[in-house]
Amino acid sequence: MELLSGLNPQQQQAVTAVSGPTLVLAGPGSGKTRVLTHRIAYLISHLGIKPYNILAVTFTNKAAKEMGARVDDLLSGETRGLQLGTFHSICARLLRREAERLPFDANFVIFDDDDQVSLVRQVIKDLDIDDKSYRPQAVQGSISRAKNELILPDDYPIQTYRDEVVQRVYLRYQQALLQNNALDFDDLLLWVAILLEDQPAARDKYARQFEHILVDEFQDTNTVQYRLLKHLASFHRNLFVVGDADQSIYRWRGADYRNVQRFEEDFPDAATILLEQNYRSTQNILNAAMAVIDQNHFRVRKELFTDRGDGVPLSMQEVFNAREEGGLIVNTIARLVGRGEHEPGDFAIMYRTNAQSRSLEEAFIHANLPYKLVGAQRFYGRREIKDLLGYLRLVYNPNDEASLARVINVPRRKIGGKTMTDLRTVAVNAGLSMGGVLLDLARGEKSEFLGTFGKGAAASLEGFGHLLAGWRAHHIDSPPLILLDQVLADIDYQSYLDDGSEEATDRWDNVQELRRLAAEYADRPLGEFLESIALVSDQDTVDQSANVPTLLTLHAAKGLEFPVVFITGLEDGTLPHSRSFDDPEEMEEERRLFYVGITRAKDRVYLSYALNRTTFGYSEPTEPSRFLDDIPENILDGHNPLGTTRYVERHQRQRQDEWERPNSPAAAVIQPTYRAGQNVRHAAWGNGMVLNTKIEDGEEIVDVFFEEAGLKKLVASLARLEVVGK
DNA sequence: ATAAAGTGACTTTTT
DNA sequence: GTCACTTTAT
């Protein structure tokens, strides 16, 4: 059978597993995505299951998209109707379809993190609770945790006075969400679970529809997701889950790898298939990874093996601080690329906390090397993007008060705190949302609300109401880009942004990027555009097409692979993070995080720790990560952190420029290939003239003055300069 | 109503 | 050392 060729016996067994519950325990790099895609193709082509009756769930849109493309490939496009997506997107779609059975409208908006915290803050204020003792962020966290555990406000367990306060906020918060016709991330799952639990007709409908359910990254499901799956699989019982408890890294988000055990208990007849053969890494990398993860208790030991050979040992390097760490990594990349051993796109630089990305970025910028940073909130968190999305959301759903509050006075419209308080009061008294009042004010003289405000305020509010009413009247069904452009024009956003600074240009560039995204939704409704933006994950921004190094958190690295991986900041307090020190469970999760990082690598792993790390703006001495002790010395090159004279070294050692085995042969001496006065051409910067060239750290550094871009310092081996004319 | 200046939390990870 | 929110001065 063609579908099965190229699969090992265990993979074949998983692909063709007969109906009934199946648990696939898949080690890193063991081809689980292959198993999932081939199984879907197998179900459709060999068992005649209709795509519409198959549900496949992933955790990121990117994974869903890739899976869809691969199944499409296998079946030459016969996949129409296949239900494939993330938990959140599938639930959002289902809720819009079933809105009639639920206490909100089909055009609900999805509140992001900021919106959620703002709303909690508002509720805390309304309830006259002290926001110093009850910080909105912390309370929101408690509410979110409850929701992930399927605990509703009435069932919120009360042991302390704080619990009682949280319960009150939770109750009011849920009411406020409904008034805004909004759901938060957790609600998307929660409401589906409630629907399936409380309404047998709905449960029956979906349970019958989904003859086969496949779940990726099962170890990262939380209580709600697990319950949901059980309901959806309650009729056919064909639940096929793939996961690896060792790669569970979302405990803090409510994920519980014990769902794997729960699955075995709930489905005692489940078939279990083990995938251990690794097709990604060298044996040295796998051995290091196993040495690290074997220190965790209460786990099923797996023996990872490959036929790729041992490969090279892992490298470890001590550096003075983050700056040196960045420089070292950049130099190492330049060297490996210069030697022709790797391409720029082969490299990934991973870190525990987002804050670490800055010094690494600076190293790349300093060396004039391009790089790619993974992280959606980098873009969607920008003020200008949030502003504009706020406008679109408000047009889509005028009851969304988070968006309204964000945009009503941006740009300045003389609507300040006082006017907002009044507007709120008027809205509450009239039983309307603030947006509803504004839309009524747009009727001008006919509006009964006009007289309730002072003259100035009334004019300002009426003006904004007109804008909003106009957008809704003319563009609610227009392609998102048309609406966006109309908004941009009506509020003259460009001149609002333009304060002459360099940052302003940046911001306007971001607006253009948003326009480009909107353009992709030309033939889809506004709601879909907004929803897809609300549900993008950081991982979705991973772009393999640009041939440049990738910077990303260890969390974002899950599911990816790179030929060369740098794992930075291996210090106690950073990895493992200090927050995990007093909780053994969290410490084990830190270890899994390190394990995930190591197993992303195909060929090489570089580990580094800094003797000093700046947090809060203060540089403090650190200790090497305890995890480093677990990697056997015979597969680890470089400085051994145990029992060394590092305190002396801290003061005496020379700056380290290069990441090399201490005893490796010196790099070949290279000669300059350019000379001053030459005319050259660069792919991005156009024509220029070489001013100077020199050898530094075994790399040729060329100073070029470009006609358009001015003076640039370039690493010759990476810049690919073309000599032109004479 | 707004701009300027001050305060305090924040850094773990993100659908 | 940064962001977001609050207070103060205009």
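Reading the values: the criteria
- Residues numbered from 1 in each chain as written.
- Chains lettered and ligands numbered in written order.
- Predicted model: local features only at pLDDT ≥ 70, side-chain atom pairs only at ≥ 80, totals over all residues.
- Heavy atoms only, no water.
- Near = heavy atom within 4 Å.
- Nonpolar A, V, L, I, M, F, W, Y, C, P; charged D, E, K, R; others polar.
- Helix = DSSP H or I, 4+ residues; strand = E, 2+ residues; numbered from the N terminus.
- Expected span 1.5 Å × (residues − 1).
- Buried < 20%, exposed > 50% of the residue type's maximum accessible area, 1.4 Å probe, protein only.
- Pairing = 2+ DSSP bridges.
- Polar contact = N/O pair within 3.5 Å; in protein donor to acceptor, adjacent residues only side chain to side chain.
- Contact = heavy atoms within 4.5 Å.
- Salt bridge = Lys/Arg side-chain N within 4 Å of Asp/Glu carboxyl O.
- Axes fitted to C-alpha atoms, helices over the stretch in contact; angles between N-to-C directions.
- Left-handed = near helix turned anticlockwise from the far one by under 90°.
- pLDDT = per-residue confidence, 0-100.
- 1 Å grid on protein atoms, 1.4 Å probe; cavity = no way out; pocket = protein on both sides within 12 Å on 5 of 7 lines; lining within 4 Å.
- Points joined across faces, edges and corners; volume = space filled by probe spheres on them.

Turning to the protein's contact with DNA strand C, a few remarks are in order. Taken together, the residues surrounding DNA strand C are Arg121, Lys125, Arg358 and Phe616. Residue classes in the surface near DNA strand C are distributed as one nonpolar, no polar and three charged.

All right, on to unusual backbone geometry then. In this structure, Pro411 follows Val410 across a cis peptide bond, with omega equal to -5°. Its location among the elements puts Pro411 in the loop between α17 (401–407) and α18 (417–430). One non-glycine residue, Asn368, lies in the positive phi region at around 60°. Even without a glycine there, the phi angle at Asp492 is positive, about 50°. Within the secondary structure layout, Asp492 lies in the loop between α21 (480–490) and α22 (493–497).

What follows concerns helix α13 (residues 322–338). Counted at 1.5 Å a residue, the expected span for α13 with its 17 residues is 24 Å, and the 24 Å between its end C-alpha atoms agrees. Most of α13 is tucked away, with 13 of its 17 residues classed as buried. Phi for Gly340, located one or two positions after α13, is positive at around 80°.

Read across the open sheet, the seven strands follow the order β11-β12-β10-β13-β14-β9-β17; overall the sheet is parallel. Pairing within the sheet leaves two strands with one partner each, and these edge strands are β11 (372–373) and β17 (636–638).

This paragraph deals with the protein's contact with DNA strand B. The environment of DNA strand B is formed by 32 residues, the closest being Arg135, Arg352, Ser537, Asp538 and Arg579. In the interface set of DNA strand B, defined as its atoms within 4 Å of the protein, sugar plus phosphate atoms amount to 60%. A distance of 2.3 Å separates a phosphate oxygen of DNA strand B from a polar side-chain atom of Arg135. In the model, a phosphate oxygen of DNA strand B is placed 2.7 Å from a nitrogen or oxygen of the Asn354 main chain. Mapped by element, the contributors of at least two residues to the surface near DNA strand B are α18 and α26 (584–598). A class-by-class count of the residues in the surface near DNA strand B yields eight nonpolar, 13 polar and 11 charged.

Looking now at helix α12 (residues 283–293). Among the 11 residues that make up α12, 10 are buried, leaving the element largely enclosed by the rest of the structure. Those residues of α12 that sit buried are Gln283, Asn284, Ile285, Leu286, Ala288, Ala289, Met290, Ala291, Val292 and Ile293. Summarising the contacts, the buried residues of α12 are in contact with β9 (314–319), α26 and β14 (601–610).

Let us now look at the pattern of salt bridges. Within this structure, the stated rule accounts for 51 salt bridges. One salt-bridge network, in which partners are shared between bridges, spans Arg251, Asp256, Arg258, Arg262, Asp583, Glu585 and Glu586.

This next bit is on the packing of helix α8 (residues 185–198) against helix α10 (residues 223–232). Where α8 meets α10, the closest approach of the two axes is 9 Å, and the angle between their N-to-C directions is 35°. Helix-helix and strand crossings are classified by hand; for α8 and α10 the assignment is left-handed. Across the interface between the two elements, Leu189, Leu190, Val192, Ala193, Leu196 and Glu197 of α8 pack against Val224, Gln225, Arg227, Leu228, His231 and Leu232 of α10. Residues of the contact of α8 with α10, tallied by class, amount to eight nonpolar, two polar and two charged.

Attention shifts here to the sheet that holds strand β1 (residues 22–26). Taken together, the six strands give an open sheet; going across it, the order is β3-β2-β6-β7-β1-β8, and neighbouring strands pair in parallel fashion. The open sheet terminates on both sides in strands that have one partner only, identified here as β3 (83–86) and β8 (271–275). Averaged over all pairs of adjacent strands, the angle between their axes in this sheet comes to 15°, without regard to strand direction. Note that β1 and β8 share five bridges and pair parallel. Bridge pairing in β8 links Thr22 to Ala271.

With that settled, consider the confidence of the model for chain A. Of the residues in chain A, 94% have a pLDDT of 70 or more, and the chain-wide mean is 89. Low pLDDT, under 50, characterises residues 640–657; the predicted model gives this stretch 37 contacts beyond four residues in sequence or across chains. Every residue in residues 660–669 scores below 50 in pLDDT, and together they form four contacts with partners more than four places removed in sequence or on other chains.

By the definition in use, this model includes two cavities of 30 Å³ or more. Taken as a whole, the largest cavity encloses approximately 50 Å³ of empty space. Forming the boundary of the largest cavity are Leu55, Val57, Phe87, Ile90, Leu228, Leu229 and Leu232. Counting residues per element, the ones that place at least two in the lining of the largest cavity are β2 (54–58), α4 (87–97) and α10. Looking at the lining of the largest cavity residue by residue, the class counts come to seven nonpolar, no polar and no charged. Approximately 30 Å³ is the volume found for the second largest cavity. Contributing to the lining of the second largest cavity are Ile90, Cys91, Leu94, Val192, Phe210, Leu228 and Leu232. Counting residues per element, the ones that place at least two in the lining of the second largest cavity are α4 and α10.

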